[in-house]
Amino acid sequence: MQTSRLLLLAAYLLATSSCGSSGKRLEDGTFYPALSVISSEMRALDSLPLAVIRYSGKGSETDTTIIEKSDFRTIAELAFSPDISKPPLNRLYREEVFLDQTLNRVVLRYGTEDPDAVVSLLEITLDPDNEKVRSMYIEKQVRRGDTMRTFKSVWTVGRQLQTSVIGRVGDDPLPDLKERFVWGLPQ
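Residues numbered from 1 in each chain as written. Predicted model: local features only at pLDDT ≥ 70, side-chain atom pairs only at ≥ 80, totals over all residues. Heavy atoms only, no water.

Enquirer: Any chance you could explain the overall build of the protein here in plain terms?
Expert: If you tally the helices and strands in the protein, you get 3 helices and 10 strands. In the protein, the succession of helices and strands from N to C terminus is α-α-β-β-α-β-β-β-β-β-β-β-β. Looking at the protein residue by residue over its 187 residues, the buried ones come to 34%. Of the contacts made within the protein by residues no fewer than 6 positions apart, 46% connect residues no fewer than 24 positions apart. Of the roughly 11300 Å² of accessible surface on the protein, 53% is carried by carbon and sulfur atoms. (Helix = DSSP H or I, 4+ residues; strand = E, 2+ residues; numbered from the N terminus. Buried < 20%, exposed > 50% of the residue type's maximum accessible area, 1.4 Å probe, protein only. Contact = heavy atoms within 4.5 Å. Areas by Shrake-Rupley, 256 points an atom, 1.4 Å probe, with all protein chains shown as cover.)

Right under this line is the structure:
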């Protein structure tokens, strides 16, 4: 069964690359559900006696604390929301699938050309041998009045969430904010 799914994935990759397609909009908008990966990781984390350590930096200030798992769950879900795999958002995105031969990973990329979309890019990296998610990357832009913030988050399965926030009010930059949450689940 595992072999047939891998062959199907390989055939899909070959078909999309041989067509020269830069991506396609799926008719039913079926995308890989990134939030389900986070939910699964959070359930595993809740069952283990591990602390979540938060490393944060704002400008030149840094801080290290232990954060409650429930607070971390909220932060993680916010980092990867809204869920672009569900209607009506899924209609705004195009899926691209390719094999990164340097890393030996399959990359699912969801991008949009809609300038008003909160999520501008979502990339999910899979191990082609066992089809497990290795990491996820998301870029979001949030505008409130004349304040614009760009969020870039990387979820490394079983290890950490890292987020960088670049902001400005009008033309004036805000201090950069960097946060890293480390829990190190056994692999």
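Enquirer: For this particular structure, what's the right way to read helix H2 (residues 34-46)?
Expert: One turn of an α-helix holds 3.6 residues; hence residues three or four places apart share an orientation. Taking 1.5 Å per residue, 13 residues should reach 18 Å; H2 reaches 19 Å between its end C-alpha atoms and fits that length. Burial in H2 covers these residues: Ala34, Leu35, Val37, Ile38, Glu41, Met42 and Leu45. On an axial view of H2, the arc spanned by its buried residues comes to 150 degrees, and they lie on one face. Contacts from the buried residues of H2 go to strand S1 (52-58), helix H3 (69-79), strand S5 (119-126), strand S6 (133-144) and strand S7 (147-156). (Expected span 1.5 Å × (residues − 1). Arc of directions from axis to C-beta.)

Enquirer: Explain the pairing of strand S3 (residues 93-100) here, please?
Expert: Looking along a regular strand, one sees the side chains alternate between the two faces of the sheet. Across 8 bridges, the pairing between S3 and strand S4 (residues 105-112) is antiparallel. Residue pairing in the sheet places Glu95 in a bridge with Tyr110 of S4. The hairpin formed by S3 and S4 contains 4 residues between the paired strands, and Asn104 there has a positive phi angle of roughly 55 degrees. (Pairing = 2+ DSSP bridges.)

Enquirer: I'm lost on the environment of Pro128 in this one. Help?
Expert: Note on placement: Pro128 falls in the loop between S5 and S6. Of the residues examined, Pro128 reaches a relative accessible area of 10% and is grouped as buried. Taking the C-alpha atoms as reference points, Pro128 and Leu99, separated by 29 residues in sequence, lie 8.5 Å from one another.

Enquirer: Honestly, the pattern of salt bridges in this entry has me stumped. Any pointers?
Expert: Working definition: two side chains of opposite charge can pair if their charged atoms are close together. The full count for this structure, using the stated rule, is 7 salt bridges. Across the pair Lys86 and Asp83 runs a salt bridge, and its minimum N-O distance is 4.0 Å. Residues Arg105 and Asp127 are paired through a salt bridge, measuring 3.7 Å at the closest nitrogen-oxygen approach. Of the two residues, Arg105 sits in strand S4 while Asp127 sits in the loop between S5 and S6, which places them 22 residues apart along the sequence. Looking at Arg105, the relative accessible area reads 23%, which means it is partly exposed. (Salt bridge = Lys/Arg side-chain N within 4 Å of Asp/Glu carboxyl O.)

Enquirer: Would you take a moment to explain the packing of aromatic side chains for this structure?
Expert: Both the distance between ring centres and the angle between the ring planes are used here to describe each pair of aromatic rings. Scanning all chains against the criterion turns up 5 aromatic pairs. Here the aromatic rings of Phe72 and Phe181 are separated by 5.4 Å at their centres, their planes lie at 40 degrees, and the arrangement is tilted. One end of the pair, Phe72, is in helix H3; the other, Phe181, is in strand S10 (residues 177-182), with 109 residues separating them in the sequence. Each member of the pair, Phe72 as well as Phe181, carries the same accessibility label: buried. Where Trp155 meets Trp183, the ring centres are 5.0 Å apart and the plane angle is 45 degrees; that geometry is what we call tilted. (Phe/Tyr/Trp six-rings, centres within 6.5 Å; stacked < 30°, edge-to-face > 60°.)

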